[in-house]
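Fold and geometry: a report
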Amino acid sequence: SLFMFFGMFGSIFLLAQFLQTVQGYGPLDAGLRILPWTAMPIFIAPIAGALSDRIGGRPLMATGLALQALGLGWLAAVSTPTVPYAQLVPAFVVSGIGMALFFAPVANVVLSSVLPREEGQASGANNAIRELGGVFGVAVLASVFSSYGGYDSGQAFVDGLVPAVWIGAIVVALGAVAALFIPRKRRAAEAPAAVEPAWGRYIAGVVRA
């Protein structure tokens, strides 16, 4: 979650400005042009949710993070002051599919890794880490942007945008690697098995008594 929201929010923050500052779209027009990215979970998340129940959340999360990283890298590679919007759409779609594949299983993966009485803490921790990732993503990528470029011209903006989005892509890719290490077994499911022998011995002792 930390890596995902670091790269996603930091990149969207800069790309929304790119569409307005460099390509001349208004705020509403810029937001509408990012919809192929941000609206994709509407169509993909239900499918990803069904797959998560069948194959588990780990492969979906790893795939989603990898696709998000691929989409961000694609955007960084094609971004120029005069890039046609049509060249950005495929990268937006890939990023949106990746985002949807991550969003669908993440809650189940987090909550199934703890005991039922700990689910509130786990959910709160996940939300806090998500927000922290977004804050750090905007702060760090904006700092990278300001180090390499600025608002003086369209080319200056792209000079700062490209390395910042590449860093976002690399961070999300690290998240994909981290997702591969999510344990297969769920502690919440294993807990009863660990408790049963003790109860069994207790009941057997009562019966013998």
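This text goes with the structure placed above it.
A brief structural summary. (Residues numbered from 1 in each chain as written. Predicted model: local features only at pLDDT ≥ 70, side-chain atom pairs only at ≥ 80, totals over all residues. Heavy atoms only, no water.)

A word on the packing of helix α1 (residues 2-22) against helix α6 (residues 85-111)
Here α1 crosses α6 at 150 degrees, and the two axes come no closer than 13 Å. Classified by the angle their axes make, α1 and α6 are roughly antiparallel. Taken as a pair, α1 and α6 cross one another with a handedness that is left-handed. On α6, the residues that touch Met4, Phe5, Met8, Phe18 and Leu19 of α1 are Leu88, Met99, Phe102 and Phe103. A breakdown of the residues in the contact of α1 with α6 according to their chemical character gives nine nonpolar, no polar and no charged. (Axes fitted to C-alpha atoms, helices over the stretch in contact; angles between N-to-C directions. Helix = DSSP H or I, 4+ residues; strand = E, 2+ residues; numbered from the N terminus. Parallel < 35°, antiparallel > 145°, perpendicular 65-115°, else oblique. Left-handed = near helix turned anticlockwise from the far one by under 90°. Contact = heavy atoms within 4.5 Å. Nonpolar A, V, L, I, M, F, W, Y, C, P; charged D, E, K, R; others polar.)

Quick word on the side chain of Gln23
Tracing the chain through its elements places Gln23 in the loop between α1 and α2 (27-33). By relative accessible area, which is 19% here, Gln23 ends up buried. In contact with Gln23, other than residues within four places in its own chain, are Phe18, Thr80, Pro81, Thr82 and Val83. (Buried < 20%, exposed > 50% of the residue type's maximum accessible area, 1.4 Å probe, protein only.)

Thoughts on the side chain of Gln17
Mapped onto the secondary structure, Gln17 falls in helix α1. Contact partners of Gln17, with chain neighbours within four places excluded, come to Val22, Tyr151 and Phe157.

As for the pattern of salt bridges
Any two side chains of opposite charge can pair, so long as their charged atoms come close to each other. This structure, assessed with the given rule, holds one salt bridge. Of the charged contacts in the structure, one is a salt bridge between Arg130 and Glu131, with a shortest N-O distance of 3.6 Å. (Salt bridge = Lys/Arg side-chain N within 4 Å of Asp/Glu carboxyl O.)

Focus on the packing of aromatic side chains
All told, the structure shown has ten aromatic pairs when counted by the stated rule. Residues Trp37 and Phe92 carry aromatic rings whose centres are separated by 5.9 Å and whose planes lie at 25 degrees to one another, so their mutual orientation is stacked. Within this pair, whereas Trp37 is found in helix α3 (residues 35-38), its partner Phe92 is found in helix α6, the two being separated by 55 residues in sequence. We classify Phe92 as buried; its relative accessible area is 1%. Pairing Phe145 with Tyr151 gives two aromatic rings, centres 5.5 Å apart and planes at 70 degrees, and the pair type is edge-to-face. Using a relative accessible area of 4% as the deciding quantity, one classes Phe145 as buried. Among the aromatic side chains, those forming a connected cluster through ring pairs are Phe5, Phe9, Phe102 and Phe103. Above the face of the Phe5 ring, Arg130 is positioned so that its terminal group lies 5.9 Å from the ring centre. (Phe/Tyr/Trp six-rings, centres within 6.5 Å; stacked < 30°, edge-to-face > 60°. Lys NZ or Arg CZ within 6 Å of the ring centre and 35° of its normal.)

Points about the packing of helix α5 (residues 57-78) against α6
Between two packed helices, both the angle of their axes relative to each other and the distance between the axes serve to describe the pair. Two elements in contact, α5 and α6, have axes whose closest approach is 7 Å; the angle formed by their N-to-C orientations is 155 degrees. Viewed along their axes, α5 and α6 adopt a mutual orientation that is roughly antiparallel. Considering only the axes of α5 and α6, their crossing is left-handed.

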